[in-house]
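Fold and geometry: a report
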Amino acid sequence: MFSWLGTDDRRKKDPEVFQTVSEGLKKLYKTKLLPLEEHYKFHEFHSPALEDADFDNKPMVLLVGQYSTGKTSFIRYLLEQDFPGMRIGPEPTTDSFIAVMHGTMEGLIPGNALVVDPKKPFRKLNAFGNAFLNRFVCAQLPNPVLESISVIDTPGILSGEKQRISRGYDFAAVLEWFAERVDRIILLFDAHKLDISDEFSEVIKALKNHEDKIRVVLNKADQIETQQLMRVYGALMWSLGKIVNTPEVIRVYIGSFWSHPLLIPDNRKLFEAEEQDLFKDIQSLPRNAALRKLNDLIKRARLAKVHAYIISSLKKEMPSVFGKDNKKKELINSLGEIYSRIEREHQISPGDFPNLKKMQEQLQAHDLNKFQPLKMKLLDTVDDMLAHDIAQLMVLVRQEETQRPNQVVKGGAFEGTMNGPFGHGYGEGAGEGIDEVEWVVARDKPMYDEIFYTLSPVNGKVTGANAKREMVKSKLPNTVLGKIWKLADIDKDGMLDDEEFALANHLIKVKLEGHELPSDLPGHLVPPSKRKVPE
């Protein structure tokens, strides 16, 4: 392709051609990334090798929170159905990881059976041993929500004296394993108890590098007054800011996610709007699943590259005969300096490096002399994948999204407010008067008519310039007023008659009251005399 490449075998062929994103991800991982991971013992330090099920599985939502924050109730609220193994109570009741998944028959599959099922994405959890597997089950049931997503319920994170109880397995490491593979992580907090325990703090730190997946829910917010809710919200944001090191503020959804009546209904509209936003976020997961898997593969490849540089640097520094133990201690203690050198030599971002303290602990258990030296061919293959093949897959991702535009989560609570009078915002703002026989604008039309006739109408219409002088008094931006004009000028003649002028003022009022303008004028807002005018 380029003569100056000579006989260099770094780029022998064009990018791979794939039929589906899933097929492409599997092939790229097995042929280009996995060899690098295996050569430098990546799986012993970071994450087990990926399997086909990791690329084929449905989007997963991981729920994390201290005990009694409503995690299990949240799942029941989404499904509108009990699921096998479900237990709800004020004390720690969910003492297991429960994967809630779709199945034709209701039932529980124990952890030891789950990790040998090639169709389930849990085989690599076998590494956490029996203490964990005895606390891991899959609840299967026929439910329309679970046709599109799976939900992982986790044991309540302990606080106070309860933290001293040993779980028998590395809880934070298990959560980190799930965090790598799920599409959304929802941290639940109870508006009554915001204390972030030591265990919860460790868990949140274990979710580092997955901040893009995290959403926060302030649950049971109907149980406190508005003023107290504002204080609780502020305290939560402050606490999260100390633990989650991101420049952006994490999105917090406020509400009461269970099917009981609201105890204090003052903030009902706020809760409805927040729930709607959260539901939209969850519903988008199937559509964005391929992009998420692609993004996770890129993150994994970057970490694998850095890991290879670290391992090969340590190998290079080790003596071949004498003083191995002393040199090993010296290298582990100076690992931070090695990080800095690799960062400078290879122009790598500091955020791509693994946790220093954890890496030092892991290296203690390894013989550094058995590490492999730097093999550029393996790194070049991964660089080639990132530079060329990933770009090809991105095109395929967009094509698949276009072909399946309506791929959203359906059923359960997602259906409850989709249509009818209990849909979010029904009968409010631009939707006001939707069920009324009379034109809703007619209520205030006499007031608007008085203004209309002061604007020197000609043949029953005011010019755009005259209408503008009145409309700008609302102090709304020109972009908003321009949209209102477009909606109100129904016959598109560049002028407004008395009904169109009244409609424009009605839409201004809608916007000033804090509602959004519709993209197209709803039928009930079209003036009666214009309803037969062809569009």
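Structure first, text after, so check above.
Notes on the structure follow. Computed from a predicted model, the values in this text were never measured in an experiment.

Conventions used here
- Residues numbered from 1 in each chain as written.
- Predicted model: local features only at pLDDT ≥ 70, side-chain atom pairs only at ≥ 80, totals over all residues.
- Heavy atoms only, no water.
- Buried < 20%, exposed > 50% of the residue type's maximum accessible area, 1.4 Å probe, protein only.
- Helix = DSSP H or I, 4+ residues; strand = E, 2+ residues; numbered from the N terminus.
- Contact = heavy atoms within 4.5 Å.
- Pairing = 2+ DSSP bridges.
- Axes fitted to C-alpha atoms, helices over the stretch in contact; angles between N-to-C directions.
- Salt bridge = Lys/Arg side-chain N within 4 Å of Asp/Glu carboxyl O.

So, on to helix H8 (residues 198–206). Listed as buried for H8 are Glu199, Phe200, Ser201, Val203, Ile204 and Ala206. Its buried side turned inward, H8 meets strand S1 (60–65), helix H7 (171–181), strand S6 (184–190) and helix H9 (226–243).

Spatial strand order, S3-S4-S2-S5-S1-S6-S7-S8: eight strands in an open sheet with mixed pairing. With one partner strand each, in any of the chains shown, strand S3 (107–110) and strand S8 (252–254) form the two edges of the open sheet. On average, adjacent strands in this sheet sit at an angle of 25 degrees to one another, irrespective of strand direction. With five bridges connecting them, S1 and S6 associate as parallel partners. Each residue of the ladder has a partner; that of valine 61, found in S6, is arginine 184.

Glancing now at the pairing of S1. Burial analysis of S1 places six of its six residues in the buried class, the great majority of the element. Where burial is concerned, the two faces of S1 agree: the one with Met60, Leu62 and Val64 and the one with Val61, Leu63 and Gly65 are both buried. In the sheet, S1 pairs with strand S5 (residues 150–153) via four bridges, with the strands oriented parallel. Residue pairing across strands places leucine 62 opposite isoleucine 152, the latter belonging to S5.

Moving on, we get to the pattern of salt bridges. Inspection of the entire model under this criterion finds 38 salt bridges. Its salt-bridge partner being aspartate 54, residue arginine 181 comes within 3.6 Å of it at the nearest N-O pair. Residue arginine 181 is located in helix H7, and its partner aspartate 54 is located in helix H3 (residues 52–56); the two are separated by 127 residues in the primary sequence. For the salt bridge of arginine 341 with glutamate 345, the shortest nitrogen-to-oxygen distance reads 3.8 Å. Taken together, the residues span about one helical turn, with arginine 341 and glutamate 345 both in helix H13 (residues 335–346) at a distance of four residues. Given a relative accessible area of 26%, arginine 341 falls into the partly exposed group.

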